[in-house]
Amino acid sequence: MERIIYLDDTTSTNDYLLKNADLYRNEEMVIAVADYQSNGHGMGINTWESEKGANLLFSILVHPQWMEAGVQFLASMAEAVAIREVLSQYADGFTIKWPNDIYWNDRKISGTRIDCNIKGLEMTDMVIGTGININQEVFVSDAPNPVSLCQITGRKHDCRKILDQIIKRFVYYYEVAKDEWESYDCDTIMEEYHKYLYRKGEFHFYEDENGIFEGRILDAHPNGILNIERRSGNISQYEYKEVKFIIP
């Protein structure tokens, strides 16, 4: 059973749950939701711009001892699949941009960051933090391509309702991932993720440490590795931040 904690203002919901993880050791799943984050951050050094009270800012704490440390990307897949599915009830055109962003056409509506506490090979705590642009109408940061659900649909939306829908679908896909991993089969999560993977099977331009090249995305592994096939037929593998999408 999931527990929801509502915060008016915090540095970040990920920070809050990681700091207090021991307090929730006996809770199966805890969700922290904030109206505003003073230090919201995405993957790596990326930051997340969000107008107070306009968007969804939340993190989910789970204790996935069943999951090996190297495949935490499965939980990221479950989160991305759940968010894309819910947003698609409001408009068409949503895809999952590797590793776990949600895009509407070529514009970013959602980003996710995962933080973990690991002891040996066992993952004791995992926090999946997500920001979704819901009702923000103007973006002032230098983020290159943000968009909100309000801008897409032309109307305001109930953030709590959307959150409830996402949690329900995440719980479902997380349990599917757990059951399938324990039976050495991740087909459901992998299939749903790849069905809506941004640019999958299409040739586009990318950039790695050797420069710009043209290729097409083949798939991503449960450990997060992305496979891109070049025009030459050679296949390159990338971890997060090793390849950049060239987006018009």
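For the structure, check the block above.
The paragraphs below set out a description of the structure included in this document. Each chain has its residues counted from 1, running along the sequence as written. For this predicted model, a pLDDT threshold of at least 70 governs which residues receive local features, and a threshold of 80 or more governs which side-chain atom pairs are given and counted, while totals over whole chains, interfaces and linings are taken from all residues. As a convention, hydrogens and water are excluded, and side-chain values are obtained from all of the structure's heavy atoms.

**Examining the overall build of the protein chain**
Part 1: In DSSP terms, a helix is any run of H or I states spanning at least four residues, a strand is any run of E spanning at least two, and both are numbered starting from the N terminus. Check the secondary structure of the protein chain and you find 5 helices and 12 strands.
Part 2: Taken over C-alpha atoms, the radius of gyration is set against a globule rule of 2.2 Å times the number of residues to the power 0.38. Its C-alpha radius of gyration of 18 Å places the protein chain within 12% of the 18 Å reference for a compact globule of 248 residues.
Part 3: Once the C-alpha set of the protein chain is aligned to its principal axes, its extents read approximately 55 × 45 × 30 Å.
Part 4: With 248 residues in all, the protein chain has 53% of them scored as buried.
Part 5: Taking the contacts inside the protein chain whose residues are at least 6 apart along the sequence as the reference set, 62% of them involve residues at least 24 apart.
Part 6: Accessible surface area values rest on a Shrake-Rupley calculation with a 1.4 Å probe, where residue burial reflects the displayed protein chains alone. In the structure as shown, the protein chain presents an accessible area of about 12,000 Å², 46% of it carried by carbon and sulfur atoms.
Part 7: His is not counted, nor are the chain ends, whereas Lys and Arg count as positive and Asp and Glu as negative. Here the site of a charge means atom NZ of a Lys, CZ of an Arg, CG of an Asp or CD of a Glu. Between the averaged position of the 25 positive side-chain charges in the protein chain and that of its 40 negative side-chain charges there is a distance of 4 Å. Relative accessibility thresholds used throughout: buried, under 20% of the residue-type maximum; exposed, over 50%; partly exposed, between the two (1.4 Å probe, protein chains only). Between two residues, a contact is recorded if the distance between any of their heavy atoms is within 4.5 Å.

**Remarks on the packing of aromatic side chains**
Part 1: We call Phe, Tyr and Trp rings a pair once their centres come within 6.5 Å, taking the six-membered ring for Trp, and we label the pair stacked below 30 degrees between planes, edge-to-face above 60, and tilted otherwise. Taken as a whole and judged by the stated rule, the model has 9 aromatic pairs.
Part 2: Arranged with centres 5.8 Å apart and planes meeting at 80°, the rings of F73 and Y193 form a pair that is edge-to-face. Note that F73 is positioned in helix α2 (residues 73-87) and Y193 in helix α5 (residues 187-195), a separation of 120 residues in sequence.
Part 3: Take F73: its relative accessible area is 9%, and that puts it in the buried class.
Part 4: For Y193, a relative accessible area of 0% translates into the label buried.
Part 5: Between F213 and Y238, the aromatic rings sit 6.2 Å apart at their centres with planes inclined by 15°, giving stacked as the arrangement.

**Quick notes on the sheet that holds strand β7 (residues 122-132)**
Part 1: Strand order across the open sheet formed by 7 strands is β1-β2-β3-β7-β6-β5-β4, with mixed pairing between neighbours. Looking along the sheet, the strands with just one partner apiece sit at the ends: β1 (2-10) and β4 (94-97). The sheet shows a mean angle of 20° between the axes of neighbouring strands, taken without regard to direction.
Part 2: Two strands are counted as paired when DSSP detects at least two bridges linking them. As judged from the 3 bridges shared by strand β5 (residues 101-104) and strand β6 (residues 107-119), these two strands associate in the antiparallel manner. By the bridge assignment for β6, Y103 is matched with K108. Here the axes come from fitting lines to C-alpha atoms, over the contacting stretch only for helices, and the angles between their N-to-C directions go from 0 to 180 degrees.

**Thoughts on the pairing of strand β3 (residues 56-62)**
Part 1: Burial analysis of β3 places 7 of its 7 residues in the buried class, the great majority of the element.
Part 2: Here β3 shows no split at all, with L56, F58, I60 and V62 on one side and L57, S59 and L61 on the other all buried.
Part 3: Here strand β2 (residues 29-37) runs beside β3; their pairing, made up of 6 bridges, is antiparallel. The partner of V33 across the bridge, within β3, is F58.

**Overview of the packing of α2 against helix α4 (residues 159-182)**
Part 1: Where α2 contacts α4, the axes come no closer than 8 Å and their chain directions differ by 140°. Here α2 runs over α4; the crossing is right-handed. Contacts between α2 and α4 involve L74, A75, A78, E79, V81, A82, I83, E85 and V86 from the former and I162, Q165, I166, R169, F170, Y173, Y174 and W181 from the latter.
Part 2: All residues other than Ala, Val, Leu, Ile, Met, Phe, Trp, Tyr, Cys, Pro, Asp, Glu, Lys and Arg, Gly among them, are scored as polar; the first ten of these are nonpolar and the last four charged. Looking at the contact of α2 with α4 residue by residue, the classes come out as 13 nonpolar, 1 polar and 3 charged. A crossing counts as left-handed when the near helix is turned anticlockwise from the far one by less than a right angle, and as right-handed when that turn is clockwise.

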